Amino acid sequence: MEKKRALRIFSILEKEYPAATSALYFNNPFELLIATILSAQCTDERVNKVTPGLFRKFKLPADFLSIPDEILEKEIFSTGFYKQKTKSIKNCCRVLVEKHDSRVPESFDELSRLPGVGRKTASVVAGNAFGIPAVAVDTHVLRITNLLGFIESRDPEKIEFKWKELLPEDKWVKISNLLILHGRKICIARRPQCADCVLNKLCPYPSSTKEEKM
DNA sequence: CTCCCGATAT
DNA sequence: ATATCAGGAG
């Protein structure tokens, strides 16, 4: 049974990473929203080098709207795609001010309608800021779900629905954070550390790469 | 499907 | 030196 195996994997990872939360630095939903927009195609670690200083200077959506693009571009430069992200953040803040009373909407649908916010970002914010059940599928979740053999797909939405069908919704937010953490520490994209992996026995992948590199 | 882009591992 | 990492919009 697939669900049984999924639950088993969840338990093992939960034991391994008891305090699995988003690795992003944030103090409130708005900060998490901005941090997550910045985390597109960028490691959380890199985002965290930029956000503490950024949030000290700019607290509210209106603060971000009040500054020239060039200032914001310079602040977030190292996260890559900085021109796009500056536009996304500004447009997003504009919508927050104009349509949401300067606050972050508390539903997945409203979140994903914000500029610069797709399913992954909406899920991260919904789940980690508001405790709304959601599966955030980033590159780690996608990769590991494939490696574990639960699915064969590059479509994040398919991965998302797969986990939603595999686990009860009180575990959705946690499984994302667990897989992301595991993906960064052990099941690393460039070179998975299968020897140190707690899922070794439950994963079809290690056996297929026995004598690779040693 | 293409564009957006810096940081880091190899 | 260069491949790879890491999401959203048009």
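All figures in this text were calculated on a predicted structure; none of them were measured in a lab.

Quick look at the protein's contact with DNA strand B now. Around DNA strand B, the neighbouring residues are Arg46, Phe77, Ser78, Gly80, Phe81, Tyr82, Lys83, Gln84 and Arg190. Each atom of DNA strand B within 4 Å of the protein was classed as base or backbone; sugar and phosphate made up 64%. Here Phe81 contributes a backbone N or O atom positioned 3.2 Å from a sugar or linking oxygen of DNA strand B. One of the backbone nitrogen or oxygen atoms of Lys83 is found 2.8 Å away from a phosphate oxygen of DNA strand B. Along the lines of polarity and charge, the residues of the surface near DNA strand B split into 3 nonpolar, 3 polar and 3 charged.

Enumeration according to the criterion identifies 10 salt bridges in this entry. The closest approach of N and O atoms between Glu2 and Lys162, which form a salt bridge, is 3.2 Å. Taken as a pair, Glu2 in helix H1 (residues 2-16) and Lys162 in helix H10 (residues 156-166) lie far apart in primary sequence, 160 residues in all. Classification of Lys162 by relative accessible area gives buried; the value is 14%. Linking Glu75 and Lys57 is a salt bridge whose minimum nitrogen-to-oxygen distance equals 2.6 Å. Taken together, the residues span a long stretch of sequence, with Glu75 in helix H5 (residues 69-76) and Lys57 in helix H3 (residues 44-57) at a distance of 18 residues. Each of Glu2, Lys162 and Glu165 takes part in a single network of salt bridges with overlapping partners.

What follows deals with the nonpolar core. The biggest cluster of nonpolar side chains holds 32 residues, and the ones touching the most others in it are Leu33, Ile34, Leu54, Phe64 and Ile89. Of all the secondary-structure elements, those providing two or more residues to this core are helix H2 (29-38), H3, H5, helix H6 (82-99), helix H7 (108-113) and helix H8 (119-130). Among the elements that take part in this core, H2 stands out by supplying 7 residues, more than any other. Ignoring sequence-local partners within four residues, the contact set of Phe64 consists of Phe30, Ile34, Leu54, Phe55, Phe58, Leu72, Ile89, Lys90 and Cys93.

Throughout the structure, instances matching the rule amount to 1 cavity of 30 Å³ or more. Empty space within the largest cavity amounts to approximately 110 Å³. Looking at the lining of the largest cavity residue by residue, the classes come out as 12 nonpolar, 3 polar and no charged.

Looking at the largest pocket, its volume works out to about 770 Å³. Looking at the lining of the largest pocket, the elements with two or more residues in it are H3, H8, helix H9 (139-147) and helix H11 (172-185). Per-element tally for the lining of the largest pocket: the top contributor is H11, with 8 residues. For the lining of the largest pocket, the per-class residue count stands at 13 nonpolar, 12 polar and 7 charged.

Moving on: the protein's contact with DNA strand C. The full set close to DNA strand C counts 17 residues, and Gln41, Gly116, Lys120, Thr121 and His140 are the nearest of them. Per the 4 Å cut-off to the protein, sugar and phosphate atoms form 60% of the nearby atoms of DNA strand C. Within the backbone of Gly116, an N or O atom sits 2.5 Å from a phosphate oxygen of DNA strand C. Measuring from a phosphate oxygen of DNA strand C, one finds a backbone N or O atom of Val117 at 3.1 Å. Among the secondary structure elements, those contributing two or more residues to the surface near DNA strand C are H8 and H9. Per-class residue counts for the surface near DNA strand C are 6 nonpolar, 7 polar and 4 charged.

Reading the values: rules and limits
Residues numbered from 1 in each chain as written. Chains lettered and ligands numbered in written order. Predicted model: local features only at pLDDT ≥ 70, side-chain atom pairs only at ≥ 80, totals over all residues. Heavy atoms only, no water. Near = heavy atom within 4 Å. Polar contact = N/O pair within 3.5 Å; in protein donor to acceptor, adjacent residues only side chain to side chain. Nonpolar A, V, L, I, M, F, W, Y, C, P; charged D, E, K, R; others polar. Salt bridge = Lys/Arg side-chain N within 4 Å of Asp/Glu carboxyl O. Helix = DSSP H or I, 4+ residues; strand = E, 2+ residues; numbered from the N terminus. Buried < 20%, exposed > 50% of the residue type's maximum accessible area, 1.4 Å probe, protein only. Core = buried A, V, L, I, M, F, W, Y, C linked by side-chain atoms within 4.5 Å. Contact = heavy atoms within 4.5 Å. 1 Å grid on protein atoms, 1.4 Å probe; cavity = no way out; pocket = protein on both sides within 12 Å on 5 of 7 lines; lining within 4 Å. Points joined across faces, edges and corners; volume = space filled by probe spheres on them.

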